[in-house]
Amino acid sequence: MKSDTLDRRLGWFDHPVLSLLLAASWLALSRSLEPVHLLSAALLGLIVPRLLRGVLHVGGPIRWGAAIRLTLVVLWDIVLSNITVARLVLGPMSRPQPAWLRVPLACDHHRVNALFASIITMTPGTVSAVVDEDARCIWVHALNCDDAAGMVADMKARYEAPLLATFGLDGEGRA
């Protein structure tokens, strides 16, 4: 009897998000919805992840409600951060207070840590410079930081905790 992990790894639709992104990218590049392009997109979405199955890990279950809430929070924060950075850049030069922040990681889950660093970088005014998984931290450069501890706590509460919830992990990174 095969294990559940092995059965899932051998499936054709193990990476649905990747498959959909590949298909959508193909359709955007072809700029056509003709049947031949729809068929090509479907085949690319199915075959490429299958060919890469030795490289791609089988993902665990995703809690889509938490993922959608996180997406909305990130999009909202990107809009607000753009406005804040524009005000900062267009204002007097003495206002910015750049800082390096050490953001401790709550888990060893590579996907959560990579997404956490990516979200931080996507938000204007902050850049994830180093993800140091040995030291369990992300070094972040902030364009303007009045309260380092508060900014770190805000990043962890707004992004890391929802990421852990999305992947069904507790605060220690266990399922």
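Residue positions are given per chain, counted from 1 along the sequence in the order it is written. Predicted model: local features are reported for residues with pLDDT of at least 70 only, side-chain atom pairs are reported and counted for 80 or more only, and whole-chain, interface and lining totals are derived from all residues. Just so you know, side-chain values use all the structure's heavy atoms and leave hydrogens and water out.

Asks: I keep staring at the overall build of the protein and nothing clicks. Help me out?
Replies: Helices and strands together make up the secondary structure of the protein, namely six helices and three strands. Burial statistics for the protein: of 175 residues in total, 27% are counted as buried. The contact rule is simple, with two residues in contact once any of their heavy atoms fall within 4.5 Å. Considering only contacts in the protein between residues 6 or more positions apart, those separated by 24 or more positions represent 69%. With an accessible surface of roughly 11200 Å², the protein has 66% of that area assigned to carbon and sulfur atoms. Numbering of helices and strands runs from the N terminus; a helix is a DSSP stretch of H or I covering at least four residues, while a strand is a stretch of E covering at least two. Here's how the labels work: a residue is buried when its accessible area is under 20% of the maximum for its type, exposed when over 50%, partly exposed in between, all with a 1.4 Å probe on protein chains only. Areas reported as accessible are Shrake-Rupley estimates using a 1.4 Å probe. Residue values count occlusion only from the protein chains shown.

Asks: Is there a simple way to explain the packing of helix α2 (residues 16-30) against helix α3 (residues 35-51) in this structure?
Replies: When two helices pack together, their arrangement is given by the angle between the helix axes and by the axis-to-axis distance. Between α2 and α3, the least distance of the axes is 8 Å, while the angle of their chain directions is 145 degrees. The hand of the α2/α3 crossing is right-handed. Contact residues: Leu18, Ser19, Leu22, Ala23, Trp26, Leu27 and Ser30 in α2; His37, Leu38, Ser40, Ala41, Leu44, Gly45, Val48 and Pro49 in α3. Three classes are used: nonpolar for Ala, Val, Leu, Ile, Met, Phe, Trp, Tyr, Cys and Pro, charged for Asp, Glu, Lys and Arg, and polar for all others, with Gly counted as polar. Considering only residue class, the contact of α2 with α3 consists of 10 nonpolar, five polar and no charged. Helix axes use the C-alpha atoms of the stretch in contact, all axes being lines fitted to C-alpha atoms, and the angles between their N-to-C directions lie in the range 0 to 180 degrees. The handedness criterion is simple: a crossing whose near helix is rotated anticlockwise from the far helix by less than a right angle is left-handed, and one whose near helix is rotated clockwise is right-handed.

Asks: Mind showing me how you'd approach the pairing of strand β2 (residues 126-132) here?
Replies: Side-chain positions along a regular strand alternate between the two faces of the sheet. If DSSP finds at least two bridges between two strands, the strands pair. Relative to strand β3 (residues 137-142), β2 runs antiparallel, the two being bridged by six bridges. Each residue of the ladder has a partner; that of Val130, found in β3, is Trp139. Hairpin remark: β2 followed by β3, antiparallel, with four residues in the connecting loop; positive phi at Arg136, about 55 degrees.

Asks: Could you clarify how one ought to interpret the nonpolar core in this entry?
Replies: A general trend in soluble globular proteins is that nonpolar side chains are found buried together. Counting residues in hydrophobic clusters, the biggest one holds 25 residues, and the most contacted among them are Leu101, Phe116, Ile138 and Met155. In this view, Phe116 contacts Val103, Leu105, Ile138, Met155, Lys156, Tyr159, Glu160 and Leu163; residues no more than four positions away in its chain are not counted. Residue types Ala, Val, Leu, Ile, Met, Phe, Trp, Tyr and Cys, when buried and joined through side-chain atoms within 4.5 Å, form a set referred to as a nonpolar core.

Asks: For this particular structure, what's the right way to read the side chain of Thr123?
Replies: For Thr123, the location among the structural elements is in the loop between α5 (110-122) and β2. Take Thr123: its relative accessible area is 6%, and that puts it in the buried class. Any N or O atom pair separated by 3.5 Å or less is treated as a polar contact, with the protein-specific requirement of one donor-capable and one acceptor-capable atom, and with residues adjacent in sequence counted only for side-chain atom pairs. Here the side chain of Thr123 touches Ile119 through a polar contact of 2.9 Å, landing on its backbone oxygen. Setting aside residues up to four positions removed in sequence, Thr123 forms contacts with Asp77, Ile78, Ser81 and Tyr159.

Asks: Help me out: how do you make sense of the pattern of salt bridges in this one?
Replies: Side chains carrying opposite charge are able to pair once their charged atoms draw close together. By convention in these notes, a salt bridge is any Lys or Arg side-chain nitrogen within 4 Å of a carboxyl oxygen on Asp or Glu. Going through the model one piece at a time under the given rule, you end up with three salt bridges. Of the charged contacts, one joins Arg158 and Asp77 as a salt bridge, the two residues approaching to 2.7 Å between their closest N and O atoms. Taken together, the positions of Arg158 in helix α6 (residues 148-166) and Asp77 in helix α4 (residues 64-90) put the pair 81 residues apart, joining distant regions of the chain. Linking Lys156 and Glu160 is a salt bridge whose minimum nitrogen-to-oxygen distance equals 2.3 Å. A residue pair is termed a helical-turn pair when its members lie 3 or 4 positions apart in one helix, as Lys156 and Glu160 do in helix α6 at four residues.

Asks: In this structure, what is going on with α2? I would like to understand it.
Replies: In an α-helix, one turn spans 3.6 residues, which is why side chains three or four residues apart end up on the same side. Every helix has an expected span of 1.5 Å times one less than the residues it contains. For α2, which comprises 15 residues, the first-to-last C-alpha distance of 21 Å matches the rise-based estimate of 21 Å (1.5 Å per residue) to within 8%. Phi turns positive one or two residues past the end of α2, at Arg31, with a value near 50 degrees.

Asks: Looking at this structure, how should I read the packing of α4 against α6?
Replies: Direction vectors running N to C along α4 and α6 enclose 160 degrees, while the axes themselves pass 9 Å from each other. One finds that α4 runs roughly antiparallel with respect to α6. Judged by the twist between their axes, the crossing of α4 over α6 is left-handed. Counted together, Ala66, Ala67, Leu70, Val73, Val74, Trp76 and Asp77 of α4 and Arg158, Tyr159, Pro162, Leu163, Ala165 and Thr166 of α6 form the full contact between these two elements. Reported orientations rely on four angle classes, namely roughly parallel under 35 degrees, roughly antiparallel over 145, roughly perpendicular from 65 to 115, and oblique for the rest.

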